[in-house]
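# Structural features, examined
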Amino acid sequence: MIDFINNFNFLLFLTIAILYFYQGVYMVLSMVGKAKRLRATKNNRYAVIIPARNEEKVIPHLIDSLKRQNYPAELLDVFVIADNCTDRTAAVCRAAGARVYERFNKRYVGKGYALHEFFKVFDEKYGFEAYDGYFLFDADNLADENYVKEMNAYFDNGFRIVTGYRSSKNFGDTWVSAGSGTWFLRDCVFMHRPRMMCHTTANITGTGFLMSAEIVRKNGGWKHFLLTEDIEFSVDMVLQDEVIGFAERAIYYDEQPLRFRESWTQRMRWVKGFYQVLRKYGLRLVKRAFIDGSFGNYDMFMLVAPGNILAWITILVNLIFFFIGVFDVSASTEVMAATAQSLLGLLRNVFLVFMAVGAATTIREWRRIPAKPARKLLNILTFPIYMISYIPISLIAVWKKVKWVPIEHSEAMDISEIK
């Protein structure tokens, strides 16, 4: 029995190492390589779409940051979807210079449905070809003054979908906001950047991305309604051989939850959404990845197939043998010691891996992280705790019925306050 436990744990560790080995290669490439900077030959015409629900505190600052872009103002129009608002979101957006579409629908709730309805009305009124491309932001975002200029460079070089560099405007407020912000920085630095070096595809995380009029037309506006519509959109597009570009110098900021309870709720929705995407697109990704040999599809499959599941398999199997040891007098001491050692070893290894990832991300992006040095250093120790909390979330999300719940945004700051 002891040999079986040890062999099982070794094989599972080896499986995880093989599946995620390429991400280690990505980290090395990101550390030693340099991404190519693209230049635009023309300025394209864009519409910015911002779904918002009771966001009167924060959305004027986003619109203001868009109005301050180092880009011709006549080529950038802002549209706000005031989705089931009960505050002054629509009024403050109009006052800030945005065009506002008000929507009241209690049956179909969420960003995906709001976008679907908006694009349907938009096509009838203007036509999708009225603009070359469409930006999508959340109301709590802020855009660096060169954001549109840098995104336009990738768009003008043939990328029909482009995502920007996601930073956090409240990174240094709490250990929770720092943990969330670190993970998104890790995506940018150690996933998207090397993907561009290897000429493969990035993925959308949240908002802050651009899609061409052709993509919008092909999709009939917006057709993705799962709990993580950004990941669903990414996977669907990659399955259709679209390559999502990453404009590293196109910086935008969003607000992270400050309290663990809010973060738990948000991440429960994310994990449930990943399961939904895996269930809907998983078999197609496996076929494209392992039969057709598409690395981009393999990368997307590993994105939506959480490693937490493998961790839970390890935990559950070892717990089963632990309790067998409790009732098997002849082998109880050895079995319980072996399983306890395995579980503690798993926890230790996960902690050390994420501490290494947090440290590497912090060192690599030190100057770009908007927080005091003490918070950055402390985050290296607290980041693993934040990530380990995904393990219970991933298990509960399998059984829990999760609905989209709006998270209140309160960090009403100007872009100049971040720098």
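The shown structure was predicted, so the numbers you read here are calculated from the model rather than taken from an experiment. Sequence order sets the numbering: in each chain, residues are counted from 1 along the sequence as written. In keeping with the model being predicted, local features are shown solely for residues with a pLDDT of at least 70 and side-chain atom pairs are shown and tallied solely at 80 or more, while totals for entire chains, interfaces and linings include all residues. Side-chain figures throughout are based on the complete set of non-hydrogen atoms in the structure, without hydrogens or water.

### Some points on the pattern of salt bridges
A carboxyl oxygen of Asp or Glu within 4 Å of a side-chain nitrogen of Lys or Arg is what we treat as a salt bridge. Throughout the structure, instances matching the rule amount to 27 salt bridges. Between E150 and R37 there is a salt bridge; the shortest N-O distance is 2.6 Å. Separated by 113 residues along the polypeptide, E150 in helix α6 (residues 147-156) and R37 in the loop between α2 (21-32) and β1 (46-52) bring together distant segments of the chain. Of the charged contacts in the structure, one is a salt bridge between D64 and R68, with a shortest N-O distance of 2.9 Å. R68 sits in the partly exposed class, given a relative accessible area of 46%. Under the scheme used here, helices are H or I runs from DSSP no shorter than 4 residues and strands are E runs no shorter than 2 residues, and both carry numbers assigned from the N terminus. Working definition: with a 1.4 Å probe on protein chains only, accessible area under 20% of the residue-type maximum means buried, over 50% means exposed, and in between means partly exposed.

### Comments concerning helix α5 (residues 111-125)
In a helix, the anticipated span is given by 1.5 Å times the number of residues less one. Between its first and last C-alpha atoms α5 spans 21 Å; for 15 residues at 1.5 Å apiece the expected length is 21 Å, and the two agree. Within the sequence span of α5, burial applies to K111, G112, A114, L115, F118, F119 and F122. For α5, the arc enclosing every buried residue in end-on projection is 150°, short of the 170-degree limit, so these residues lie on one face. Those residues of α5 that are exposed and aimed more than 90 degrees away from the buried face are K120 and E124. G127, located one to two residues past α5, shows a positive phi value of around 90°. Read the arc as the range of directions from the helix axis to the C-beta atoms.

### A look at the state of the cysteines
Criterion for a disulfide: a pair of cysteine sulfur atoms at a distance within 2.5 Å. In this structure the tally under the stated criterion is 0 disulfides. Unpaired in terms of disulfides, C93 finds its nearest cysteine sulfur in C85, a separation of 7.9 Å. With no disulfide of its own, C198 lies 16 Å from the sulfur of C188, the closest cysteine sulfur.

Coordinates in, geometry out; function isn't part of it.
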